[in-house]
Amino acid sequence: MNAITDTLNGAAVSTRANVYFDGKCVSHSLTLADGTRKSVGVILPTTLTFNTGAPEIMEGVCGQCEVLLPGDSEWRRFGPGERFAVPGQSKFQIRVDGEPYHYICHFG
């Protein structure tokens, strides 16, 4: 298993939540001292389609998900400490079954 990021030090946190898909996905935006943007959130059991602007790296913190990435024909499973990359200007599907999936999204 890969290391799990437990803490993001020196971050400015937006106190207003980003609520998507009728509350099935909720996150908070962060900006680190060097200007790096991230979000920290949770996805409840559901299947969702996300559109990306910038490239993203999704890091699992807790729970598991299955992901259908652009160009793939098969779903792949990811858990705590595992990451997957999503190209910018694309879309991907994510499926959570059972325990909510907690994540950090690294932008750019």
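Presented here is an overview of the structure given in this document. All of these numbers come straight from a predicted model, not from anything done at the bench.

So, how was this worked out
One numbering rule holds for all chains: residues counted from 1, following each sequence as written. It should be noted that, the model being predicted, local features are given only for residues of pLDDT at least 70 and side-chain atom pairs only at 80 or more, the latter also being counted only at that level, while totals for whole chains, interfaces and linings use all residues. Note that the side-chain values use all heavy atoms of the structure and ignore hydrogens as well as water. Two strands qualify as a pair provided that DSSP identifies no fewer than 2 bridges between them. What counts as a helix is a DSSP run of H or I of at least four residues, what counts as a strand is a run of E of at least two, and both are numbered from the N terminus. Only the six-membered ring of Trp is used, alongside the rings of Phe and Tyr, when aromatic pairs are assigned; centres must lie within 6.5 Å, and planes under 30 degrees apart are stacked while those over 60 apart are edge-to-face, with the rest tilted. Only protein chains enter the accessibility calculation, which uses a 1.4 Å probe; a residue is then buried when its area is under 20% of its type maximum, exposed when over 50%, and partly exposed in between. In this scheme, the term charge over a ring applies when either NZ of a lysine or CZ of an arginine sits within 6 Å of the ring centre and within 35 degrees of the ring normal. When two cysteine sulfur atoms are found within 2.5 Å, that pair is recorded as a disulfide. Contacts are assigned to residue pairs that have any heavy atoms within 4.5 Å of one another.

Here we take up the pairing of strand 7 (residues 65-68). Summarising the sheet, strand 7 and strand 8 (residues 76-78) pair through three bridges and their orientation is antiparallel. Paired with C65 across the bridge in strand 8 is F78. Where strand 7 and strand 10 (residues 91-96) come together, three bridges link them in antiparallel fashion. Within strand 10, the residue paired with V67 across the bridge is I94.

Turning our eyes to something else, we now look at the packing of aromatic side chains. In total, this model carries five aromatic pairs according to the counting rule given. Plain terms: the ring middles of F21 and F50 are 5.2 Å apart, the flat faces sit at 85° to each other, and that makes the pair edge-to-face. Of this pair, F21 sits in the loop between strand 2 (18-20) and strand 3 (25-32) while F50 sits in strand 5 (residues 46-51), and the two are 29 residues apart along the sequence. Judged by its relative accessible area of 37%, F21 falls in the partly exposed class. Given the relative accessible area of 17%, F50 is considered buried. Above the face of the F107 ring, R37 is positioned so that its terminal group lies 4.6 Å from the ring centre.

Let us now look at unusual backbone geometry. Within the chain, F21 stands out as a residue other than glycine whose phi angle is a positive 50°. A positive phi is found at D22, a non-glycine position, where the angle reads about 55°. Mapping D22 onto the fold places it in the loop between strand 2 and strand 3. The exposure class assigned to D22 is exposed, which follows from its relative accessible area of 84%.

Summed over all chains, the structure comprises zero disulfides. Its sulfur unpaired, C65 is 11 Å from the next cysteine sulfur, which belongs to C25. Of the cysteine sulfurs around C105, a residue in no disulfide, the closest is that of C25, at 9.5 Å.

Glancing now at the environment of I43. Relative to the helices and strands, I43 resides in strand 4 (residues 37-43). When the C-alpha positions of I43 and I94 are compared, they lie 9.2 Å apart, and in sequence the two are 51 residues distant. Among all residues touching I43, those that are not within four sequence positions of it are K24, C25, L48, F50, I94, V96, P100, Y101 and Y103.

Fair warning: the whole summary comes from geometry, so function is off the table for now.
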